Structure formats: structure tokens, C-alpha cells
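Per-entry structural report
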Amino acid sequence: MLTIVDYGVGNLFNIQKAFQSLGSDVRISNNPEEIINSDRLLLPGVGSYEAGITALKENGIDQVVREFADSGRPMMGICLGMQLMLSVSEENGNWPGLDLIEGKVVRFTGPAPTGKPYKIPQIGWNSISKPGNVDVNWKNSVLESLDAEDTAYVYFLHSYYVIPEDAGCVLAETNYGRDTFCSVLMKDNLVGCQFHPERSGKVGLGILKSFINH
Amino acid sequence: MSHPTRVISRLDIKGPNLVKGLQFEGNRVLGTAQQFSEIYYHEGADELIYQDVVASLYKRNSLKEIVQKTSETMAIPLTVAGGIRSIEDINDLLRAGADKVAINTAAVSDPNFLSEAARIFGSQCIVLSIESYRQQNGRCEVWTDYGREVSNFETVEWAKRAEELGVGEILLTSINNEGMGNGFDVEIVEAVSSSVSVPVIACGGAGKPEHFKEVVIEGKADAVAAASIFHYHYCRPVNQPTMSYSSADLRMGAQIDSGNIEFLNEGYGGEDGLMVEPCSISGIKEFLNNNGVETRTT
């Protein structure tokens, strides 16, 4: 059973529909018992970091999510859900995250005053690729379906991105404006997608499918 | 570094049907919204916009059902517009599967609605829809109620104000150019895009591939939305049966008329008076890619 954590933030239904279309046994839950007794966990999220971490703590769900992560079972964070797994975010202050993966969350650099203009948030499709400076294998990861592809486009909608302490956690990176940032994060049983795989067409569904089959 | 530009299909919806007018007038039925949505998903549209064209008349957005149906099978982002007037409306549509909502009339009546919505749902879900009309003297003003009412807001100023209020994106439609196939109002797109730091989607006027290039390069649009140029291409499927106007799917119910079905009656051959040169989504993307504008290729 795959459980999508409902902590009051984000549109869970599209994620649920995506997993259902892949034939997965999936439920949405805010019940700690159900959450801890799942085979796989999905941490969704849109909106501000402050609202996200506050909502997680409010219902004690942060504790059970940590327990699940410690158990070694597969867990995926999407967008804000992925960012919440890090240690701290610089969004509107300094907000502590779940600290499942060491690192921080920072804002896009933004265009240089005399440089080429671009917008924040990044809203749209962009390509994900193997990090240039690290030897990385996509086989046996959630990105295995993309291993043979030249370019894979996925859909982003965000103003902040993660910087893990350990560069070895960066499974895929993406260029936007003046930044090259981590678009897929992986550490042991934990994986994070900055983009929305449930809104990334067939490429995204392939990633979700790999997560179920992992 | 550059990133891909979005090519978006805008569907004007009345009941279950996809309709298309000119400058927001005279909606012709072209088929069902569901059929066209599926086509666009498979053909590589980067996003879809559903515009409820009778929302102002009925004082509400009626697209929840079509949103629910289509978001189940289409894994691409969806923005819903038309008659969104309350926090509850937004909540209903997001829960039904919409990723973003675009607000016009309600925001002009009460700009604080935008900041409240952004605060509750997050800026990324809240799009300001601007229907911009260029007067003879060059002043661009904001119209509401899908082209039925005039406000005294000036387009660029309103866009800047909305950004301050917390919207995550702006959907800018030129009423003068809409459906005419003569190109976008590049000037107003550029004026708005260079005045705000959030993405701007240009809409209204696409007639051929060159127009898309113009509005991105000269207009500095971050994304381009079009309706006629795509709908008139796909409503003539090569290997599929022509949709019959007497199909139950195209009826909206006993109390409401079936809409302007003249175009359908002519069996999809009636290209007389088409203002656009119909083109596929991949045709537009290929043209853009060959002309210095990166797009998502599938």
C-alpha cells in the first residue's frame, strides 16, 4: 500500500489519480497508524515552507514521517514535499525542515541587473540530466526509464530549490536562469523530485512507475 | 541559460462543448471539450487552459465536472478560468484536479481577493487573467466578464499591482487580436512582461507559426497560448469519423440551446472565413525550435 500523506497542504488528488492509473494500491491519509503501516510513502506539497512544516508538526505527522524514513522503506517527496526533507529553508526566514537529508533550501538567484531577464517562479517544462561532475547511475533508480533517453522534460513550478550537503545525493540536475540545481535527490530509501511527475506526461508517469516497482 | 517556452492550448468551454468565437463573440461549437483535451495531451500541449465562457452569465464557474474527468487521464498541468469568485470556488477546482486558477472579474472588483487566495493556496496556483483592450488612442484597458464590461484599470499598472498582491503568473489576452489570426499584440505583451518578474502567458491573435516566434522574442512572452489555430487543425481529423451534430454528447440539455452548430453542419469542410492557418502543436514547436526558441519535444 502506498500512502500519500495528507497534512493539509497541496493537491493530492492528481497524485492519487496518477498512481491509480498505474495500477497501484494507493490511499490518502493523515492517520499516523496508516502512515507507519504503509509499504511506500509519498510526501506531496505546494505552497510556502512555513505553512508546510507547521502543518506537518501540527498533527504530529512529522514524527511518523521521520519514523517511516528511518525504517528504510521507500519514500518520495514531491516539490515542497521534497524540500521539507532537508534541514532548513531560507524561504521568508529560516525554517527547520525534517532534516532527513542534510542541506538547505534556497531561492533562485534571479537575473543579473544587466543580464538576460527571466522569471521567478520557474513555471514550465525543463530537462533533467545526469550531474556533470559526479559519476551517477540511473539504473535501479526512479529515473531508470529515462536512462536511454537523450533529453527528458518534466514540469516545474517553484521559486526555491534544494542544495544537499552531500553532492552524491544529486541524482539529476537542471539549468534555470543563472542556476544549475538539483532536480532529483536520492539518499538510500529517500527520493525527491523538485518537479511534478504527476503533471509531467509520460515521462513523469514513468518515474512514478519506477518508484512503485523499486 | 535558456529554458523551454510553453505552448499552451486554450479551450473555451460551454457545457460539454469546445466553442470558438472571434474577439469573444459568436461561439461556434467545434466538438466536445473532452475529445479535444485528449488530443492536445497526446499531441504535446505543454499545458491546457479551460475558459468557462458563460461563467459571467451564470455567475459561476461550471467546469468542475470536465476538470475532474480530464485530469484523471491527462498528466499535464491545467489552469481553469471563468467566473471564479470565491475561496470556495478555488478550493473546489483545485480539489477537482486543476493546478492553477485564473481570475479576472472578481480580482478587478476586489483586488484583495488575489492576495487572500495567494495566501491560502500559494502564489503558484493563482494566475491573474487580464483581458486587455487597446483603445484608439493606444491606451490598454482591462475588461471583465469575458469582454462584456469595461473597467478603468490600465493593463500594465494592473499587472504590476497584481504581482505585488501575490499572483504567481499572468495570463494576458488581447481582445482586439483574439481570433483574428493577425498576430499577437506584441507591444502590450512586451510592456507587461518587462514590468513584472512573474511569468507572462501571451494569448490572443495567433494565426501562423511566425506569430509565436514574434511574441516570444519581441514580446518577451514566457509562454504562448492559442485557440483557433489549433482547434481548426484538430477538428478535421484525417482518419476519424466526423462528429455528428446530432450526437447526444453535443446537446447541453432541454433548457439551453445546442449552440452555434453551423460549422459542424458543414461537415468540417467549411474553411471559408477561417482567420487562421490551422497548424498542429508539433508544427508550431518545430518552427520555434528552428528559430531559436526552445520548446519541449516529446
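Throughout what follows, the structure given in this document is the object of discussion. In this convention, every chain numbers its residues from 1, walking through the sequence in written order. A letter from A marks each chain and a number from 1 marks each ligand, given out in the order of writing. Selection of residues for local features in this predicted model requires a pLDDT of at least 70, selection of side-chain atom pairs for listing and counting requires 80 or more, and totals for whole chains, interfaces and linings are taken over all residues.

Here we look at the overall build of chain A
Note the following rule: In this text, helices come from DSSP runs of H or I with a minimum length of four residues, and strands from runs of E with a minimum of two, each type numbered from the N-terminal end. Put simply, the radius of gyration uses C-alpha atoms, and a globule should come to 2.2 Å times the residue count raised to 0.38. Field definition: a residue is buried when 20 or more other C-beta atoms are found within 10 Å of its C-beta, exposed when 12 or fewer are, and partly exposed for counts in between, with C-beta atoms placed from the backbone. By definition, residue pairs are in contact when their C-beta atoms, positioned from the backbone, come within 7 Å.
Counting its secondary structure elements, chain A contains 6 helices and 13 strands. A globule of 214 residues ought to have a C-alpha radius of gyration of about 17 Å, and chain A, at 16 Å, matches this closely. Overall, the C-alpha framework of chain A stretches about 55 × 40 × 30 Å when taken along its three principal axes. A total of 214 residues make up chain A; the buried ones form 53% of that total. Of all intrachain contacts in chain A linking residues separated by at least 6 positions in sequence, the fraction that spans at least 24 positions is 69%.

As for the sheet that holds strand S6 (residues 95–96) of chain A
Pairing between sheet strands relies on hydrogen bonds along the backbone, with the strands arranged either parallel or antiparallel. Rules: In this analysis, strands are considered paired if DSSP registers two or more bridges between them.
Read from one edge to the other, the open sheet built from 4 strands follows the order S6-S5-S7-S10 (chain A), with strand pairing classed as mixed. Strands at the two margins of the open sheet, each flanked by one partner only, are S6 and strand S10 (160–164) of chain A.

Side note on the environment of A:Leu86
Residue and element names in this part refer to chain A. Locating Leu-86 in the fold gives a position in strand S5 (residues 86–89). Leu-86 gets classed as buried once you count the C-beta atoms within 10 Å, which come to 25. Expressed as a C-alpha distance, the spacing of Leu-86 and Leu-98, which sit 12 residues apart in the sequence, is 6.1 Å. Apart from the residues lying within four places of it in its own chain, the contact partners of Leu-86 are Gly-97, Ile-101, Gly-103, Lys-104, Val-105 and Val-162.

Digging into the interface of chain B and chain A
As a reminder of what qualifies: Amino acids are sorted into nonpolar (Ala, Val, Leu, Ile, Met, Phe, Trp, Tyr, Cys and Pro), charged (Asp, Glu, Lys and Arg) and polar (every other residue, Gly among them).
Across the contact, 26 residues belong to chain B and 27 residues belong to chain A. For the side of chain B that touches chain A, the secondary structure elements donating two or more residues are helix H3 (64–73) and helix H4 (87–96) of chain B. In the side of chain B that touches chain A, the residues fall into 10 nonpolar, 8 polar and 8 charged.

Overview of the packing of H4(B) against helix H6 (residues 112–121) of chain B
Residue and element names in this part refer to chain B. Put simply, the rule reads: Axis definition: a line fitted to C-alpha atoms, over the contacting stretch in the case of helices. Angles run 0 to 180 degrees between N-to-C directions. Angles are sorted into four bins: roughly parallel if under 35 degrees, roughly antiparallel if over 145, roughly perpendicular if 65 to 115, and oblique for all others. Note on convention: the crossing is left-handed when the near helix lies turned anticlockwise from the far helix by less than a right angle, right-handed when the turn is clockwise.
Their axes nearest at 10 Å, the elements H4 and H6 cross at an angle of 40 degrees. Relative to H6, the element H4 is oriented oblique. The chirality of how H4 crosses H6 is right-handed. Along the contact surface, H4 presents Ile-87, Ile-90 and Leu-94, while H6 presents Glu-116, Ala-117, Ile-120 and Phe-121. A class-by-class count of the residues in the contact of H4 with H6 yields 6 nonpolar, no polar and 1 charged.

A few points about the packing of helix H7 (residues 155–165) of chain B against helix H8 (residues 186–193) of chain B
All names here are of chain B. Running from N to C, H7 and H8 cross one another at 30 degrees; their axes reach a closest spacing of 9 Å. By the criterion of interaxial angle, the relationship of H7 to H8 is roughly parallel. At the point where H7 passes H8, the crossing takes the right-handed sense. Residues Thr-155, Val-156 and Ala-159 of H7 touch H8, and the partners they reach there are Ile-188, Ala-191 and Val-192. Broken down by class, the residue content of the contact of H7 with H8 amounts to 5 nonpolar, 1 polar and no charged.

Remarks on the sheet that holds strand S1 (residues 2–5) of chain A
All names here are of chain A. Ordered by their spatial adjacency, 7 strands build an open sheet running S2-S1-S3-S4-S13-S12-S11, and the pairing between neighbours is mixed. The sheet terminates laterally at strand S2 (26–29) and strand S11 (170–176), the two strands that pair on one side only. Here the average twist between neighbouring strands, direction ignored, is 25 degrees. Bridge count for strand S12 (residues 179–187) against strand S13 (residues 190–193) is 4 bridges, and the pairing is antiparallel.

Here we look at H6(B)
All names here are of chain B. Counted only if it meets this: What the arc describes is the spread of directions from the helix axis to the C-beta atoms.
Looking at H6, one finds that the buried residues are Phe-113, Leu-114, Ala-117, Ala-118 and Phe-121. When H6 is viewed along its axis, its buried side chains cluster within an angular range of 130 degrees and face the same direction. Summarising the contacts, the buried residues of H6 are in contact with H4, strand S6 (100–103), helix H5 (105–109), strand S7 (126–134) and H7. A positive backbone phi angle near 95 degrees is found at Gly-122, which sits one or two residues after H6.

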